[in-house]
Amino acid sequence: LLNWRKISFSALGTGSMWQLVTKAEALQPVSAIRRDPVACPLSSLLTARSLRPALQENLDKKLFGQHLVNKVVVKAVKGFLNNTNAKKPLALSLHGWTGTGKNFVGRIVAESIYKRGLRSKYVHQFVATLHFPHAHSINLYKDQLQSWIRGNVSICPRSLFIFDEMDKMHAGLIDSIKPFLDYYELLDGVSYRQAIFIFLSNAGAEKITEVALDFWRNGRTREDIQLTDIQNALSVSVFNNKNSGFWHSTLIDRNLIDYFVPFLPLEYKHVKMCVKVEIESRGYAVDEDILTRIANEMTYFPREERIYSDKGCKTVDAKLDYYF
Ligand SMILES: Nc1ncnc2c1ncn2[C@@H]1O[C@H](COP(=O)(O)OP(=O)(O)OP(=O)(O)O)[C@@H](O)[C@H]1O
């Protein structure tokens with residue numbers, strides 16, 4: 001679906017760079033791409049005041065069982081958009097078990113800033129295994145990725161970059177993003193200080209689950225879990241995990257990640273809530289019996305207690321196809 005195309009920026013005098021566009025766009029002249037009907041949301045046009053209700057409201061209403069995520073994401077995004085003098089771009093690192101809502105939150109953040117959400121030309125999503133699959137092409141990917149970020153931020157300073165499967169991303173590639181996340185005022189004439197980077201990964205999921213399980217076993221409620229209960233353990237475990245591309249990345253080394261956002265594993269009751277939303281979104285009446293049957297079909301861990309859904313809410317929609 002995506003192609004790299006070479007574009008030139010004569011105004012910046014920087015010659016040409018690579019930009020990632022859809023295949024259809026690659027056939028159009030560059031001028032057509034840059035004439036986007038939806039304006040790039042500059043900070044003067046979009047303030048936290050216009051964003052906050054939508055972001056907070058959507059997270060409160062749509063995201064289940066993630067009280068820490070709500071708090072951190074709203075604070076981070078709101079604070080960043082409010083700051084007219086940001087010294088660096090915003091970098092959020094979302095961690096947690098599969099199907100717990102990381103991509104979902106990326107979508108909600110995108111929708112709160114850009115009219116077209118993830119479909120906006122100013123939102124760029126990358127999946128490590130899909131876009132950077134070959135270790136032997138790492139140098140090519142590095143050049144392309146850097147040119148792509150530079151090209152797109154030149155067009156729209158308030159660009160959003162979402163990197164999925166960070167734990168499967170080559171460490172060298174992660175390091176190549178580093179200059180853009182740093183405190184530079186300008187890099188080759190481009191400022192990255194309005195951009196937002198969101199990194200998604202499963203790295204640290206076991207640690208997060210351990211903390212949640214500890215609370216559960218001690219009879220404490222999930223909502224009692226504080227960020228500090230998880231955050232230190234998370235950054236250490238992500239750092240020390242040799243299988244995760246993050247572990248020796250200078251992103252963490254140099255404190256370029258502003259917020260670590262932990263996603264808790266989802267429980268039976270959250271799965272039921274997801275099923276309910278999915279049934280409603282298909283326009284069917286909610287039937288308690290079907291809710292229970294689908295939630296019961298999911299598998300839960302640990303083996304003895306069976307508290308957390310091992311796929312989160314991920315396969316709920318596929319299971320519904322059987323009933324409707
Ligand atoms: N906490 C949640 N609250 C409400 N819905 C959720 C939640 N978590 C997941 N879902 C639903 O499940 C779908 C799949 O979740 P999502 O893709 O966000 O998981 P993920 O954490 O990114 O998983 P992975 O690590 O496998 O990429 C979402 O589109 C959403 O419909």
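Structure report, in brief. The shown structure was predicted, so the numbers you read here are calculated from the model rather than taken from an experiment. (Residues numbered from 1 in each chain as written. Predicted model: local features only at pLDDT ≥ 70, side-chain atom pairs only at ≥ 80, totals over all residues. Heavy atoms only, no water.)

Looking now at the state of the cysteines. In total, this model carries 1 disulfide according to the counting rule given. In this model Cys274 forms its disulfide with Cys313; the gap between the sulfur atoms is 2.0 Å. When the S-S torsion is 90°, as for the bridge of Cys274 with Cys313, the disulfide is right-handed. With Cys274 in helix H12 (residues 268–281) and Cys313 in the loop between strand E9 (308–309) and helix H14 (316–323), this residue pair connects regions lying 39 residues apart in the sequence. The class of Cys274 is buried, set by a relative accessible area of 17%. Looking at Cys313, the relative accessible area reads 15%, which means it is buried. (Disulfide = S-S within 2.5 Å. Helix = DSSP H or I, 4+ residues; strand = E, 2+ residues; numbered from the N terminus. Buried < 20%, exposed > 50% of the residue type's maximum accessible area, 1.4 Å probe, protein only.)

Close to the ligand lie 17 residues; Phe64, Thr98, Lys102, Asn103 and Lys314 are nearest. One of the backbone N or O atoms of Phe64 is found 2.8 Å from a nitrogen atom in the ligand. Take Phe104: an N or O atom from its main chain is 2.9 Å from an oxygen atom of the ligand. Here the ligand loses 82% of its free accessible area of 630 Å² to cover by the protein chains. Looking at which element gives the most residues to the shell around the ligand, the answer is helix H5 (residues 102–113), with 3 residues. (Near = heavy atom within 4 Å. Polar contact = N/O pair within 3.5 Å; in protein donor to acceptor, adjacent residues only side chain to side chain. Areas by Shrake-Rupley, 256 points an atom, 1.4 Å probe, with all protein chains shown as cover.)

Here H12 crosses helix H13 (residues 288–297) at 125°, and the two axes come no closer than 9 Å. Between H12 and H13, the angle is such that the two are oblique. Considering how the two elements wind past one another, H12 and H13 form a crossing that is right-handed. Where H12 approaches H13, its residues Tyr268, Val271, Lys272, Val275, Lys276 and Ile279 are matched on the opposing element by Glu288, Ile290, Leu291, Thr292, Ile294, Ala295 and Asn296. (Axes fitted to C-alpha atoms, helices over the stretch in contact; angles between N-to-C directions. Parallel < 35°, antiparallel > 145°, perpendicular 65-115°, else oblique. Left-handed = near helix turned anticlockwise from the far one by under 90°. Contact = heavy atoms within 4.5 Å.)

Listed in full, the buried residues belonging to H13 are Ile290, Leu291, Ile294 and Ala295. Projection of H13 onto a plane perpendicular to its axis shows the buried side chains occupying an angular sector of 130°, all on one side. Looking at the buried residues of H13, the elements they touch are H12, strand E8 (300–301) and H14. The N-cap residue of H13 is Asp287: its side-chain oxygen and the backbone nitrogen of Asp289 are 2.8 Å apart. (Arc of directions from axis to C-beta.)

Another aspect to go through is the pattern of salt bridges. A complete count under the given rule lists 11 salt bridges for this structure. Between Asp289 and Arg293 there is a salt bridge whose closest N-O contact spans 3.1 Å. In this pair, Asp289 and Arg293 are both assigned in helix H13, 4 residues apart and thus about one turn of the helix distant. With relative accessibility at 42%, the residue Arg293 sits in the partly exposed group. (Salt bridge = Lys/Arg side-chain N within 4 Å of Asp/Glu carboxyl O.)

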